[in-house]
Amino acid sequence: MMFTGTWRLLALIVRRDRIRIPIWLFALTLMTIVTAPAFEGLYKTQQERQVMAETMKNPAMTAMVGRGYGLGDYTTGAMMAHQMLLFTAITVAIMSILLVARHTRADEEAGMIEMIRSLPAGRLSNLSSALLVMIAVNLVLAAATGLGLAALRIESMDMEGSLLYGAALAAAGIFFTAVTALFAQLSENSRGTIGLSFAVLGISYLLRAIGDVSNGTLSWFSPLGWVLGTEVYVNNYWWPVAFTIAAAFTIMALALYLNSIRDLGSGFLPSKRGRSHASVFLQGPIGLGLRLQRTAIVSWAIGMLLLGISYGSVLGDLEEFIGGNEMLAEMVSPAEGVTLTEQFMTMLMSVISMICTIPPLMMALKLRGEEKKNRTEHLLVRAVSRTRLMGSYLAIALGVGISMQILAVFGLWAAGSAVMEEAILFTTMLEAALAYLPAMWVMTGVALLLIGILPQMTSLTWLYLGYSFIVVYMGDLLQFPEWMRKLSPFGHIPQLPVEEFDTAKISLLVLLAAGLMLAGFIGYNKRDLQG
Amino acid sequence: MAVLQASGITKKFGKFTALDGVDIEVKEGEVYGFIGPNGAGKSTTIRVLLGILKATGGEVKIFGMDAWKDAVEIHKRVAYVPGDVNLWPNLTGGEVIDLFAKLHGNSNKSRREELIRKFDFDPTKKCRSYSKGNRQKVALVAAFSSDADLFILDEPTSGLDPLMERVFQECVMKAKREGKSILLSSHILSEVERLCDTVGIIREGKIIETGTLAELRHLTRTSLLVETKQPISQLEQIQGVHDIENLQQGISLQVDTEKLGDVITYLSQFDIVKLESAPPKLEDLFMRHYKTSNRGGGAR
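Small disclaimer: the values here were computed from a predicted structure and weren't measured.

Some remarks on the overall build of chain B
Along the backbone of chain B there are 10 helices and 14 strands. Evaluated residue by residue, chain B yields a buried proportion of 52% over its 300 residues. Put simply, 69% of the contacts in chain B that link residues at least 6 apart link residues at least 24 apart. Approximately 13300 Å² of chain B is accessible, and the part contributed by carbon and sulfur atoms is 47%.

Structural data, given as structure tokens:
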């Protein structure tokens, strides 16, 4: 009885996401299938691969992509599993979190589950149908990725390894499906559900990073550590996949149980009695915007600080490592007067900047989210102009962006100077990071432009940021042509302190950002509100 | 003097014409009842008046200013209550009322407390836990505690219980006594009859009837129940008579209000024993307009 209607609701989810899910699956599969031949083309001989293995051996890389397996015989398969599996698994986890939250707590919050529950549908029908769909989605992904990789007929990538590669991704997806389903019961709103699930994902990544650079024990407390524990294409261990899925099913059972005993609309995390009057901070659009996103801002701030610290803590090992390896030191230090650490730092800065761009984009796009929920009209029917409203969200986005960047750099510097013999100056790091602000502003400008002119398409902003991440971070690795890199604002930022500060380029980016924002403001002032 | 003057507003969403030349005039100190079936364009009209939607054609002047261009200036003197109040789930009702007051600019603190008491509202709860009625109270308290000159109310009582509806009506009447103007969109016709001076009926994006209640009553039919000594002959041939029914207590019929005198004169030939008349109701007019939905324009 609890499950009556599950199949019908399952069909409904498939119908509602008939475009969304295939896009996710297609993009994820493509990301894997395209990378493997790229590696194969990039490092043709075993010798070239071995050099790459040496480069990857340092603790900073280990913290970032995980422990390398088979570094002694660094085949294309081993390289693929080492450099791509973790990030792909994280993307699969993100997909699962977003889709599960959308079909559980978000629907419940919007009152749709109430409608369904008033019909002859079981108490667990919605959650179970969402879980089934997500399990199926992850299995399809596993099959597509596994068979796709095997079909490439790369020597070091056999059928078993390829299938395990896919299975490891699916295991990560199913695990985070379960985690999100659980938080959908605990938290009473979808923001909380998504936020807590992402927190688990972030902590998993950090635990694994710390574990991988230390003795490894900690990695076994992280589901992402389990994914890497498969040692795909080297040892092909299947048991971590089985273990991850077993853990996932346990969590799912708990989520189903909690769903069966709770009231509709309620959560297990308590809500307390609130204020009867607004505080002095809640006085206008800026106060409201900050208040609504308070939790997100605080969690991102902590996250960015931790990100900086975790990168910073490996900087000391990096120096040590290079000191003990003459060949490597010669090979990767072509620039005069800059240390290898400083060079490595420039790469970190671009990654940190792109991650720090996520919160300001969320802050800016909140304006559209509020509009969709018919809440901006409360402000606009009072003495608030559209310019002021958009300006408030822009101010929050810009402020948050700069703060995140500074926090991450502070963490990087603080941890770095604690472990390094010759610390890098804080100002040097800060300059390198702040040079990325114009790129962040261009992204924010894109968000504003879409809100103003194409409000239905605001999620394109995320696509653009994702594109930037791929071409800037992995562009060299995948040998993308230079123009692809130049399509992203992050591709134009001079890499301080290795490169010179380029005033003309930076000014152009600032102008572009201002132009995009202006167009956004004009569009927003001219269009209808669309609830 | 007209506080709100909308002339010939059209609004198209793509090819769909939502509003097709809507005219509304709300005079100072007047309560204007805005009625019409679901989907007729009431809320769209109101959203154009508020500058949330941009009219495709026509002109809206509020306090002599343009509803789209001078929205902020106008809104300093306008209070709005939507029919469907969506609030921020993690703010309390009290916080939202205060925020709205701040955004509005001029608001009355003691009035806020008085209204919260009158509406029997708990401002310390998070908005996500409020029912529809309670969310509407948030908007109503915020609206009536502001010093607005024009109130735009879009089905403001659809979630209130009868007791609270009474409180709402008192608020409207008080505002009217203070010389404020009110545009009230409503489905509750008894409410409109009690509160409104002028009524406009919208259907399929057009205003099909407008006028004072007295004028509109004139257009409606009066129901009569009549008993005579002699049988009434050829009643159906008299102009303005409709829906004749033979009942046990007599004959029931509907008469166009303007033909009432003629019909009574005719009936009196047959020695009236009993004559009951029920006053014309807005509802009858309303029903006639609603039912004849395919003909366009008024029923008359």
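Text resumes after the structure shown.
What about the sheet that holds strand β5 (residues 65-66) of chain B?
Residues and elements named next belong to chain B. Taken together, the 4 strands give an open sheet; going across it, the order is β2-β1-β4-β5, and neighbouring strands pair in antiparallel fashion. Two strands in the sheet have a free side with no partner beyond their single neighbour: β2 (16-27) and β5. Summarising the sheet, strand β1 (residues 2-13) and β2 pair through 9 bridges and their orientation is antiparallel. The residue of β2 that forms the bridge with Lys 11 is Leu 19. In the packing of helix α1 (residues 42-49) onto the sheet, the strands contacted are β1, β2 and β4 (57-62), and the crossing angle to β1 comes to about 115 degrees.

Some details on the packing of aromatic side chains
All told, the structure shown has 16 aromatic pairs over all chains when counted by the stated rule. The interplanar angle of 25 degrees and the centroid separation of 6.4 Å between the aromatic rings of Tyr436(A) and Phe490(A) together place this pair among those described as stacked. You can see Tyr436(A) sitting in the loop between α21 (426-434) and α22 (437-453) and its partner Phe490(A) sitting in the loop between α25 (482-486) and α26 (503-526), a full 54 residues away along the chain. Judged by its relative accessible area of 2%, Tyr436(A) is buried. A cation sits over an aromatic face here: Arg382(A) above Phe100(B), 3.9 Å from the ring centre. The positively charged end of Arg77(B) is found above the aromatic ring belonging to Phe63(B), 3.8 Å away from the centroid.

Some details on the pairing of β4(B)
Residues and elements named next belong to chain B. Bridge count between β1 and β4: 5 bridges; the pairing is antiparallel. Its bridge partner lying in β4, Leu 4 is registered against Ile 62. The pairing of β4 with β5 spans 2 bridges and is antiparallel. If you follow Ile 62 over to β5, its bridge partner there is Met 65.

What about the pairing of strand β11 (residues 221-228) of chain B?
Residues and elements named next belong to chain B. With respect to burial, β11 is a largely interior element, 6 of its 8 residues being buried. Pairing geometry for β11 and strand β13 (residues 250-256), over 6 bridges, is antiparallel. Counterpart to Ser 223 in the pairing with β13 is Gln 254. Judged from the 6 bridges that link them, β11 and strand β14 (residues 272-278) form a sheet pairing that is antiparallel. In the strand pairing of β14, Val 226 is matched with Leu 275.

A closer look at helix α14 (residues 285-292) of chain A
Most of α14(A) sits inside the fold, with 6 of its 8 residues counted as buried. Every buried residue of α14(A) is accounted for by Pro285(A), Gly287(A), Leu288(A), Gly289(A), Arg291(A) and Leu292(A). The inward-facing, buried residues of α14(A) abut α11 (190-213), α15 (294-312), α18 (340-372), α19 (376-380) and α20 (386-419) of chain A together with α3 (93-104) of chain B.

Considerations on the sheet that holds strand β10 (residues 206-212) of chain B
Residue and element names in this part refer to chain B. Within the open sheet, the 6 strands sit side by side as β6-β7-β8-β3-β9-β10. Their pairing is mixed. This sheet does not close on itself; its edge strands, each paired only once, are β6 (78-81) and β10. With strand direction ignored, the average angle separating the axes of adjacent strands in the sheet is 15 degrees. Relative to strand β7 (residues 150-154), β6 runs parallel, the two being bridged by 4 bridges. Paired with Tyr 80 across the strands is Ile 152, a residue of β7.

Looking at a nonpolar patch on the surface
On the surface, Ile453(A), Leu454(A), Met457(A), Leu460(A) and Leu463(A) cluster together into a nonpolar patch covering about 470 Å² of accessible area. Following the sequence through the fold, Leu460(A) ends up in helix α23 (residues 460-473).

A word on the interface of chain A and chain B
Between chain A and chain B, the residue contacts involve 36 residues of the former and 39 residues of the latter. Together chain A and chain B conceal approximately 3400 Å² of surface at their shared face, both sides included; 54% is due to carbon and sulfur atoms. A per-residue breakdown of the area chain A buries against chain B is headed by His378(A), Val381(A) and Arg382(A), which together make up 20% of the total. Inspection of the region where chain A meets chain B yields 4 salt bridges. Across the pair Glu377(A) and Arg47(B) runs a salt bridge whose closest N-O atoms are separated by 2.2 Å.

Some points on α1(B)
Residue and element names in this part refer to chain B. Across the 8 residues that make up α1, a large majority, 7, are buried. If you check which residues of α1 are buried, you get Lys 42, Thr 44, Thr 45, Ile 46, Arg 47, Val 48 and Leu 49. Count one or two residues on from α1 and you reach Gly 51, which has phi positive near 75 degrees.

Parameters at a glance
Residues numbered from 1 in each chain as written. Chains lettered and ligands numbered in written order. Predicted model: local features only at pLDDT ≥ 70, side-chain atom pairs only at ≥ 80, totals over all residues. Heavy atoms only, no water. Helix = DSSP H or I, 4+ residues; strand = E, 2+ residues; numbered from the N terminus. Buried < 20%, exposed > 50% of the residue type's maximum accessible area, 1.4 Å probe, protein only. Contact = heavy atoms within 4.5 Å. Areas by Shrake-Rupley, 256 points an atom, 1.4 Å probe, with all protein chains shown as cover. Pairing = 2+ DSSP bridges. Axes fitted to C-alpha atoms, helices over the stretch in contact; angles between N-to-C directions. Phe/Tyr/Trp six-rings, centres within 6.5 Å; stacked < 30°, edge-to-face > 60°. Lys NZ or Arg CZ within 6 Å of the ring centre and 35° of its normal. Patch = residues over 30% accessible without salt bridge, like charges linked within 9 Å, V, L, I, M, F, W, Y side chains within 5 Å. Salt bridge = Lys/Arg side-chain N within 4 Å of Asp/Glu carboxyl O. Buried area = accessible area lost by both parts, 1.4 Å probe.

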